Amino acid sequence: MSNVISEANWKFHWRLTESAGIMIYLADYHGRRVLWEASLPYVTIDHQRETLDVKDDPGEVHGPWWVPLGTRTLQGPVRVQSFRGGVELSAAFAAGPYHYTQLWRFHDDGRLCPWLTIYGPGVHDQHTYHPHWRFDFDLDGARDDAFERFEDSRWQRVGQEGWFPYSGEADEHGNVWRQIDAGTGAAVHIRPHSWDDAEVFAIRYHDGEWAPYSPRNAAGSQTFPSAYVGDEPLDGDDVTLWYVAHVHFDQSFPYTAGPWVKVSGLGN
Amino acid sequence: MASSKKPVKAAKPAKSKPKVAASRPAKPARRAVAPDIAQADPTLFDPLTPGEIADALRTLTEDRRLSSMAKVGRYRVICTEPLVVKPPHWMAGHRLVRVVVYDYAADRAVEACVDLDAGVVAHLELTRGQPMLSRDEEALAVSIAMVDDRVRAKLTFGDVPQSTLHYWGRTTEDLAYARRSAAVVFGRPDGHASVVAIVDLLENTVTQVVPAEMW
């Protein structure tokens, strides 16, 4: 199977990684570059104890754990399927009681869906999933980017790296964050799933700063991507975005986490 | 790279390797550095061949900065994957390999960028970070847990290792807070988990055995 797909106004490449699921790279929409690469570096899981009494609640006794989504956990082949108005990639992964289906859906109107369906029982009911997506959007070139969030009823420019949780405020289309190419005005808008409890980390791009092979930094240090956040300026530079969802397991599983991403300003 | 907010620096290889011109005549196409990201060469993202992986690991272990690690030989290769940097970086257009190794002798992670075109370790970082478990480490953790008496006492008929996960403790009271550890989850092949065993991979011992419902 070719790893280059040209369909639904998109052209993109993909490959299965060792630990970050299906990676998409060099993606163009209407012949113009949108994405350098994007992947799902890790899904961490932590556990809570089941108690209704606040006094007896020990909090989270144990730390988190994770298993790579990649060649070692893949179940069956990566599938490429056309659907009405687009094309999608999907792959199933399993690690004991944790099961996932990773999806990349490309719509002909410029929407892109990096999603993860989570199912499987876990070791018990009280656990929370934290899927981490990493996006390196390069709209019409790597530099000259800006990052904005919707706050106080308008889009506001963010000057430097940081952590930007969803506060409940969004524009009329539900978008909360966006990355803009200052030269052409092309943009990618990010709309979180309303139940994702989502947050975005905006970080200046550095060469070789591909996703780490673990969220685990040194003992006592912040995990990734928090550990990347410094005070470097974003405006006019190359920006990398991490979208992190927090999904508590409950009876309504399976649950599909991940944002809607919409490209604008690149169409005909 | 895990904490690479530093410029990528080229390093001298352990031995002189005149292989760029002599032994690799078939790579001129990759030498043409693209002027911008729109012209990036997609083949640079291709999976590594077995020969490229071997080349990268040989180059890494011959680097004199890692001579003690290579000599002691208590390390595990965690991962090797292609790495692509953007123009105008001087390594744009080069075939690069990202190698992650865990050095058990020094209890540290080694993260390197090997430039296969130049035959050098272009970037090297030694950290206390904890990369994911290698497949060998996963298998080792299972084998350690399977022969532990406390684990065996808690298993019921039909329980098998379901999965092995990279685990770290939340507080300093947990040994796994600062030590490389794995969680082996046992249970029925098609059912719920029954027991969780935490394995310390530095000492090759089981440090915790917890019924799954109590995890």
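Our structure is the block above this text.
So, a few notes on the structure that sits alongside this text.

Thresholds applied
- Residues numbered from 1 in each chain as written.
- Chains lettered and ligands numbered in written order.
- Predicted model: local features only at pLDDT ≥ 70, side-chain atom pairs only at ≥ 80, totals over all residues.
- Heavy atoms only, no water.
- Pairing = 2+ DSSP bridges.
- Helix = DSSP H or I, 4+ residues; strand = E, 2+ residues; numbered from the N terminus.
- Axes fitted to C-alpha atoms, helices over the stretch in contact; angles between N-to-C directions.
- Contact = heavy atoms within 4.5 Å.
- Phe/Tyr/Trp six-rings, centres within 6.5 Å; stacked < 30°, edge-to-face > 60°.
- Buried < 20%, exposed > 50% of the residue type's maximum accessible area, 1.4 Å probe, protein only.
- Lys NZ or Arg CZ within 6 Å of the ring centre and 35° of its normal.
- Expected span 1.5 Å × (residues − 1).
- Arc of directions from axis to C-beta.
- Polar contact = N/O pair within 3.5 Å; in protein donor to acceptor, adjacent residues only side chain to side chain.

1. What about the sheet that holds strand S4 (residues 120–127) of chain B?
Residues and elements named next belong to chain B.
Now for step 1: An order of S1-S2-S3-S4 is seen for the 4 strands of this open sheet, with the pairing classed as antiparallel. Edge positions in the sheet fall to strand S1 (75–83) and S4, since each of these pairs with one other strand and no more. In this sheet, neighbouring strand axes are inclined to one another by 15° on average, regardless of whether the strands run parallel or antiparallel.
Now for step 2: Two strands pair when backbone bridges link them, and S1 and strand S2 (residues 96–103) are joined in this way by 8 bridges, in the antiparallel orientation. The residue bridging Leu83 from the neighbouring strand is Leu96, located in S2.
Now for step 3: The strands touched by helix H3 (residues 50–62) within the sheet are S1, S2, strand S3 (108–115) and S4, with S2 carrying the most contacts at an inclination of about 55°.

2. Notes on the packing of aromatic side chains
Now for step 1: Counted under the stated rule, the structure contains 24 aromatic pairs over all chains.
Now for step 2: The interplanar angle of 10° and the centroid separation of 4.2 Å between the aromatic rings of Tyr25 of chain A and Phe45 of chain B together place this pair among those described as stacked. Of this pair, Tyr25 of chain A sits in strand S3 (residues 22–29) while Phe45 of chain B sits in the loop between helix H2 (28–31) and H3, each in a different chain.
Now for step 3: Relative to Tyr129 of chain A, the ring of Tyr98 of chain A has its centre 6.2 Å away and its plane inclined at 85°; by these criteria the two rings are edge-to-face. Taken together, the residues Tyr98 of chain A in strand S8 (residues 98–107) and Tyr129 of chain A in strand S10 (residues 127–137) connect sequence positions 31 residues apart.
Now for step 4: Classification of Tyr98 of chain A by relative accessible area gives buried; the value is 0%.
Now for step 5: One aromatic cluster is present, formed by Tyr98, Tyr100, Tyr129, Phe249, Phe253 and Tyr255 of chain A through successive ring pairs.
Now for step 6: A cation sits over an aromatic face here: Arg105 of chain A above Phe83 of chain A, 4.0 Å from the ring centre.
Now for step 7: The cationic tip of Lys86 of chain B hangs over the ring face of Tyr205 of chain A; the distance from NZ or CZ to the ring centre is 3.9 Å.

3. Description of helix H5 (residues 135–146) of chain B
All names here are of chain B.
Now for step 1: The end-to-end C-alpha separation of H5 is 17 Å, in line with the 16 Å expected for 12 residues at 1.5 Å each.
Now for step 2: Within the sequence span of H5, burial applies to Glu137, Glu138, Ala141, Ile144 and Ala145. Projection of H5 onto a plane perpendicular to its axis shows the buried side chains occupying an angular sector of 130°, all on one side.
Now for step 3: For H5, the elements touching its buried residues are S1, helix H6 (149–154), strand S5 (160–167), strand S6 (181–187), strand S7 (193–200) and strand S8 (205–211).

4. Structural notes on unusual backbone geometry
Now for step 1: Pro225 of chain A follows Phe224 of chain A through a cis peptide bond whose omega is 5°.
Now for step 2: Within the secondary structure, Pro225 of chain A is located in the loop between strand S16 (199–204) and strand S17 (239–244).
Now for step 3: Going from Pro87 of chain B to Pro88 of chain B, the amide bond is cis rather than trans, its omega being 10°.
Now for step 4: As for its position among the elements, Pro88 of chain B is in the loop between S1 and S2.

5. Considerations on the environment of Trp177 of chain A
All names here are of chain A.
Now for step 1: If you trace the backbone, Trp177 turns up in strand S14 (residues 177–181).
Now for step 2: Note: C-alpha distance between Trp177 and Phe150 (27 residues apart in sequence) is 6.3 Å.
Now for step 3: One polar contact links the side chain of Trp177 to the main-chain carbonyl oxygen of Phe164, over a distance of 3.2 Å.

Fair warning: the whole summary comes from geometry, so function is off the table for now.
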